Amino acid sequence: MTAWVTIPPLEQRAAECGVCCRVLDVLAHEATRLRKVSNMYRLAKLAGPDYCEAEIRRAAQTLHNVNMIAATTEGEKGKMKNPVLTDAGWDAATIARPFWMDGKS
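Here we summarise the structure given alongside this text.

## Here's the deal with unusual backbone geometry
And then number 1: The phi dihedral of Asn67 falls on the positive side, at around 60 degrees, and the residue is not glycine.
And then number 2: A positive phi angle, near 50 degrees, is found at Asn82, a position not held by glycine.
And then number 3: Position of Asn82 among the secondary structure elements: in strand S2 (residues 79-85).
And then number 4: Residue classification places Asn82 among the partly exposed positions, given a relative accessible area of 27%.

Right, dumping it as structure tokens:
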């Protein structure tokens, strides 16, 4: 017997994921306040007590894979550092990009 399951694209799954949306909003909020998020631990703390650090890491990796956030990786384990929103990330976030970050003159 064979069963077929339709798996939606990663972009759609990221857009429907509550944790991914929270990560985008936290990064957008911190960027509008001109504050930097240096690592996943800090991002998890900013996301609040409803989310554990492992959830935030998985969501950030998903967002990185769909090019909604950009981050550097350091160390042998490849931990993400300094995540920032890309243009696609700003479009998906519920917080509007400030006028000084538009890049349009």
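## Regarding helix H3 (residues 40-47)
And then number 1: Those residues of H3 lying buried are Met40, Leu43, Ala44 and Ala47. What you see down the axis of H3 is that its buried residues fit within an arc of 100 degrees, all on one side.
And then number 2: Looking at the buried residues of H3, the elements they touch are helix H2 (18-32), helix H4 (53-65) and S2.
And then number 3: For H3, the capping residue at the N-terminal end is Asn39, with a side-chain oxygen 3.3 Å from the backbone nitrogen of Tyr41.

## So, the side chain of Thr86
And then number 1: Tracing the backbone through its elements, the reader meets Thr86 in the loop between S2 and helix H5 (87-92).
And then number 2: A polar contact of 2.7 Å, which involves the side chain of Thr86, links it to the backbone oxygen of Asn67.
And then number 3: In contact with Thr86, other than residues within four places in its own chain, are Asn67, Met68, Ile69, Ala70 and Arg97.

## Some words on the packing of aromatic side chains
What characterises a pair of aromatic rings is the spacing of the ring centres plus the angle enclosed by the ring planes.
And then number 1: This model, assessed by the stated rule, comprises one aromatic pair.
And then number 2: Seen from their ring centres, Phe99 and Trp100 are 5.4 Å apart, and the 85 degrees between their planes marks the pair as edge-to-face.

## Some details on the pattern of salt bridges
And then number 1: What the rule picks out here adds up to three salt bridges.
And then number 2: Among the ionic pairs, Glu30 bridges to Arg35, the shortest N-O distance being 3.0 Å.
And then number 3: By relative accessible area, Glu30 is classed as buried at 4%.
And then number 4: One salt bridge in this structure joins Arg57 and Glu53, with 2.7 Å as the shortest N-O distance. Note that Arg57 and Glu53 are positioned in helix H4 at a spacing of four residues, about one turn of the helix.
And then number 5: Judged by relative accessible area, which is 27%, Glu53 ranks as partly exposed.

Here is what the cut-offs are and how they apply
Residues numbered from 1 in each chain as written. Predicted model: local features only at pLDDT ≥ 70, side-chain atom pairs only at ≥ 80, totals over all residues. Heavy atoms only, no water. Helix = DSSP H or I, 4+ residues; strand = E, 2+ residues; numbered from the N terminus. Buried < 20%, exposed > 50% of the residue type's maximum accessible area, 1.4 Å probe, protein only. Arc of directions from axis to C-beta. Contact = heavy atoms within 4.5 Å. Polar contact = N/O pair within 3.5 Å; in protein donor to acceptor, adjacent residues only side chain to side chain. Phe/Tyr/Trp six-rings, centres within 6.5 Å; stacked < 30°, edge-to-face > 60°. Salt bridge = Lys/Arg side-chain N within 4 Å of Asp/Glu carboxyl O.

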